[in-house]
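An overview of the molecular structure
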Amino acid sequence: MGEFKVHRVRFFNYVPSGIRCVAYNNQSNRLAVSRTDGTVEVYNLSANYFQEKFFPGHESRATEALCWAEGQRLFSAGLNGEIMEYDLQALNIKYAVDAFGGPIWSMAASPSGSQLLVKFGDVEVFLLWYVLCFMINLYNSQGRILSLSWHPSGTYIAAGSIDYISVFDVKSGIAVHKMIVDRQYMGVSKRKCIVWGVAFLSDGTVISVDSAGKVQFWDSATGTLVKSHLIANADVQSIAVAEQEDSFVVGTAEGTVFHFQLVPVTSNSSEKQWVRTKPFQHHTHDVRTVAHSPTALISGGTDTHLVIRPLMEKVEVKNYDAALRKITFPHRRLISCSKKRQLLLFQFAHHLELWRLGSTVATGKNGDTLPLSKNADHLLHLKTKGPENIICSCISPCGSWIAYSTVSRFFLYRLNYEHDNISLKRVSKMPPFLRSALQILFSEDSTKLFVASNQGALHIVQLSGGSFKHLHAFQPQSGTVEAMCLLAVSSDGNWLAASGTSAGVHVYNVKQLKLHCTVPAYNFPVTAMAIAPNTNNLVIAHSDQQVFEYSIPDKQYTDWSRTVQKQGFHHLWLQRDTPITHISFHPKRPMHILLHDAYMFCIIDKSLPLPNDKTLLYNPFPPTNESDVVRRRTAHAFKISKIYKPLLFMDLLDERTLVAVERPLDDIIAQLPPPIKKKKFGT
C-alpha cells in the first residue's frame, strides 16, 4: 500500500438530526425519511440502500407526516401548517401550500393514492384531493387527533386521539364508532392515554399503539376491544403493517422494535391469531417511526440511525442481503479540502467551519503516533443568514475561495491570509441564474468555478482577483430537468463530468464548451467519480460496489475496466453495505486509484492481478519473513485498511501525506438527549 503520514482528524463535530418519520413506497421500492431539522431523504432499497436524493431542511419546517401518493409523488406536512410536494427529478420543492388550519400532526394517503387525509391542529380533519383542493370536512373534534389510517377499501378511516379511537364513514363524514382506550398502566390509572398510531386492516380490525405501552386490537364493526398486549414500560410510538397484512412492526420509546405475525392457532388449524414473535434492540433512544417492506423491518428515531432488519424467512438467498444495516451518515460530501494550504472546510446545517491542520517535526516507524508541534487551528466560523439549511459547499484548492448554497441563495467569498490572520470578503451581486446550487466544484488551478443548478444547468464561472465572470452554461437536454448531483473536473481543467439522478454520466469539453460524450447507462446510481490526472480516465463507483474506468479521449471503457467486468470483483467487496463516497489519485503513481467508504480505505493497484473469491481480500500480504518472490506472487490489486472509521473523508494532501476525517459513533451518542432510564437488575 505504501507508507503515508496520516492526519487523523476527529474535531468535525457533526451530529446528524434525529429521524422523525419514514414512508415506504412498494411500487418503486424506495424509502422516504424525514429528519427533525426538516431534511427529507430518499433511499433506493433496490440500489443497495443508497441515499439517491435529499431535500435540505428549514428551521421553521418541523415535518410530522410523510407519505407517498399516486404516481410515486411524495408529500410532507408539519407544524408550520404547510403541505409540500417534492420534485424528485429537479430535487426541489415543487410547491408548498399553506392549509390555514394550524399545525398538521398527521397525514395519510388513500389506498388509491389519489386523496390525502390531513389532521389540522386541534380542530378538524380534512379530506383532500392530491392536487390539494379541499374536499370535505370530515369531523369537527374537540381533541387532538395524532394518527390516521385508511381502510384498504377507502370507505372508512380510523383516527387515534387522546383516550379514544374514532372510526369515520368517508362518504358521510360521520363517526360510526368511538372506542375508549384503557388508561390502566401496570395496574395504575394514568391521567391520559395517547394513541400514537393506528392501522386499519381489510378484515375490519383496527390495531392501536399508545402511551400506556400497549398494542391493542379492535373490532371496528362492533367498536369493541378484542385483544391487548402490554409490551413496554414506556410509550409505543409507531406502527407499520406489511402489504399482505400478515405481520406488523411497532417501535417503543425504550428503543425496542417488536415484530408481530399472524400465525395459525395450531399446526393444522385455519384459524389464525396475532403473536408477538421477535423483539429487536438496535436503538439506544426512542423509536419514533417504523416501516415494513416485503423483506425487512425499518426503524428510525432520536439516535439518528436508520436501521434495516431483514426478515430471514422472506429473504430467498441467505447472503449479505440478509444482514442488519445501520445507516447513520449521509451519502454525500460534507467536507472539502485545500491541499495547498492544508485546510479543511466542514459543512453543518447552518454554518461552515474552516480549520488548518496541525503539523509535526517528529519522525517514527510505521504505526507510531507522532506528537504535534503545532495544533490544528479553527480559522473561521461562517454562519448562514436565514432559516434554510446549507445544500452544498466547497473550498478552492488554493484556499482563497469558499462557495456555498442554500435553496434560495448562492454565496461566494474571497479569503485573504496575512500571517496568522484571515479576512473574508463576500462577492456581491450574484447573477440570478446562480440562485441555488446542488453541487459546487473548483478547478485544480482555482481559476474556474463549476456550479450545478437545480434546473439541470451546469454553469462555468471564471474567477480572477476578487471578481467573477460567467463563461458558459451547459443546458439540459430538451424536455428534461435532471438535477446533477455529482461533479468531477480534470486536473488540466479541460474536462467536466456530471452525474444526474438517473445514473447517467455526461462529459463536457470545457475548452470547446460542448458535450463530448455520455458514458453508457448503468442500472445503479453513481456514488462517486473522479478524473485521473495523467490519462483523463474517468473512474466511476456505483451503489452496487462496481467500479468502472472510462477513457474520456477514446470515449470507451479502458482495457483494465473490461478485464474487471469479465473477471468480476471479489464477493466480499460486492457485499459491502456502505457506498464509496470519494475517489482520488496518487500524483506519482498513475496505476493507483484511492477510494473509501465509511468503514474502509482502499488503494487499487491496476498493475497487479485482481483477487478471486478464494483469495483473502482484506489480508493480501504474506508474513514479512517470506521472500520477495512469494510476496509478489500472492499480492493482488486491492490494499485495504480498516483502521479509520467511521470515515467521512479521506484524501491525499501530497504524495506522502493523507488526511482522514473520522466521526466516532460514541461521540455522537454523547451529544444526544439522555434515553429513558431503565431499571437494571440488582440496582
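The structure under discussion appears in the preceding block.
Here we summarise the structure given alongside this text. From a predicted model like this one, the values you see are computed outputs, not experimental measurements.

What follows covers the sheet that holds strand β48 (residues 526-531). Taken together, 4 strands build an open sheet; the order of strands is β48-β49-β50-β51 and the sheet is antiparallel. A strand with exactly one partner marks an edge of an open sheet, and here the two such strands are β48 and β51 (556-557). Examined bridge by bridge, strand β50 (residues 547-551) and β51 share 2 bridges and lie antiparallel to one another. Bridged to Ser-551 within β51 is Gln-556. Sitting on the sheet, helix α1 (residues 559-567) is in contact with β50 and β51, with an inclination near 150° to β50.

Considering all chains together, one arrives at 20 aromatic pairs under this definition. Ring centres 5.6 Å apart and planes at 40° place the aromatic pair Phe-548 and Tyr-557 in the tilted group. Judged by relative accessible area, Phe-548 falls into the buried class, the value being 8%. Where Tyr-550 meets Tyr-557, the ring centres are 5.3 Å apart and the plane angle is 85°; that geometry is what we call edge-to-face. Through a chain of ring-to-ring contacts, three or more aromatic side chains come together here, namely Phe-11, Phe-12, Tyr-14, Phe-346, Phe-348 and Trp-355. Against the face of Tyr-164 rests Lys-178, its NZ or CZ located 4.2 Å from the ring centre. The residue whose ring lies beneath Arg-576 is Trp-573, and the NZ or CZ to ring-centre distance is 4.1 Å.

One pass over the full model with this rule turns up 13 salt bridges. Across the pair Asp-368 and Lys-365 runs a salt bridge, and its minimum N-O distance is 3.7 Å. When salt bridges that share partners are traced, they join Arg-8, Arg-10 and Glu-662 into one network.

What follows is about the nonpolar core. In this structure, Leu-74, Phe-410, Leu-412, Ile-440, Phe-442 and Leu-449 are the most contacted members of the largest nonpolar core, which totals 33 residues. If we skip the residues at most four places from it in the chain, Phe-410 touches Ala-403, Tyr-404, Ser-405, Met-430, Leu-434, Arg-435, Ala-437, Ile-440, Leu-449 and Val-451. In terms of nonpolar packing, the next biggest core, distinct from the first, is built from 23 residues, Val-539, Val-564, Ile-593 and Met-600 among them.

Attention shifts here to the side chain of Asp-169. Within the element layout of this structure, Asp-169 appears in strand β16 (residues 164-169). Buried and without a salt bridge, Asp-169 has Lys-171 as its closest oppositely charged side chain, separated by 7.5 Å. A polar contact is formed between the side chain of Asp-169 and the backbone nitrogen of Lys-171, at a distance of 3.1 Å. In terms of polar contacts, Asp-169 uses its side chain to reach the backbone amide nitrogen of Ser-172, at 2.8 Å.

As a further point, take unusual backbone geometry. In this model, Lys-645 is joined to Pro-646 through a cis peptide bond whose omega is -15°. Its place among the elements puts Pro-646 in the loop between β55 (638-641) and β56 (647-654).

Bringing the sheet that holds strand β2 (residues 19-25) into the picture now. Overall, antiparallel pairing links the 4 strands, which are arranged β2-β3-β4-β5 in an open sheet. What marks the edges here is a single partner per strand, and that holds for β2 and β5 (50-55). Shown here is a sheet whose adjacent strand axes are inclined to one another by a mean of 20°, direction ignored. Relative to strand β3 (residues 30-35), β2 runs antiparallel, the two sharing 6 bridges. What sits directly across from Cys-21, in β3, is Ser-34.

This paragraph deals with the environment of Pro-609. Along the chain, the position of Pro-609 falls in the loop between β54 (601-605) and α3 (628-634). A sequence separation of 46 residues divides Pro-609 from Thr-563, and the C-alpha atoms of the two residues are 10.0 Å apart. Leaving out residues up to four positions away in the same chain, Pro-609 has contacts with Ala-635, His-636 and Ala-637.

Below, the discussion takes up α1. Here α1 has its buried residues at Trp-560, Ser-561 and Val-564. What you see down the axis of α1 is that its buried residues fit within an arc of 100°, all on one side. Residues of α1 that are exposed and angled more than 90 degrees away from the buried face: Asp-559 and Lys-566.

Here the focus is the environment of Ser-464. Considering the arrangement of structural elements, one finds Ser-464 in strand β42 (residues 458-464). For Ser-464, a relative accessible area of 43% puts it in the partly exposed group. Measuring from C-alpha to C-alpha, the distance between Ser-464 and Ser-446 comes to 9.2 Å, with 18 residues separating the pair along the chain.

Procedures and definitions
- Residues numbered from 1 in each chain as written.
- Predicted model: local features only at pLDDT ≥ 70, side-chain atom pairs only at ≥ 80, totals over all residues.
- Heavy atoms only, no water.
- Pairing = 2+ DSSP bridges.
- Helix = DSSP H or I, 4+ residues; strand = E, 2+ residues; numbered from the N terminus.
- Contact = heavy atoms within 4.5 Å.
- Axes fitted to C-alpha atoms, helices over the stretch in contact; angles between N-to-C directions.
- Phe/Tyr/Trp six-rings, centres within 6.5 Å; stacked < 30°, edge-to-face > 60°.
- Buried < 20%, exposed > 50% of the residue type's maximum accessible area, 1.4 Å probe, protein only.
- Lys NZ or Arg CZ within 6 Å of the ring centre and 35° of its normal.
- Salt bridge = Lys/Arg side-chain N within 4 Å of Asp/Glu carboxyl O.
- Core = buried A, V, L, I, M, F, W, Y, C linked by side-chain atoms within 4.5 Å.
- Lys, Arg positive; Asp, Glu negative; His and termini not counted.
- Polar contact = N/O pair within 3.5 Å; in protein donor to acceptor, adjacent residues only side chain to side chain.
- Arc of directions from axis to C-beta.

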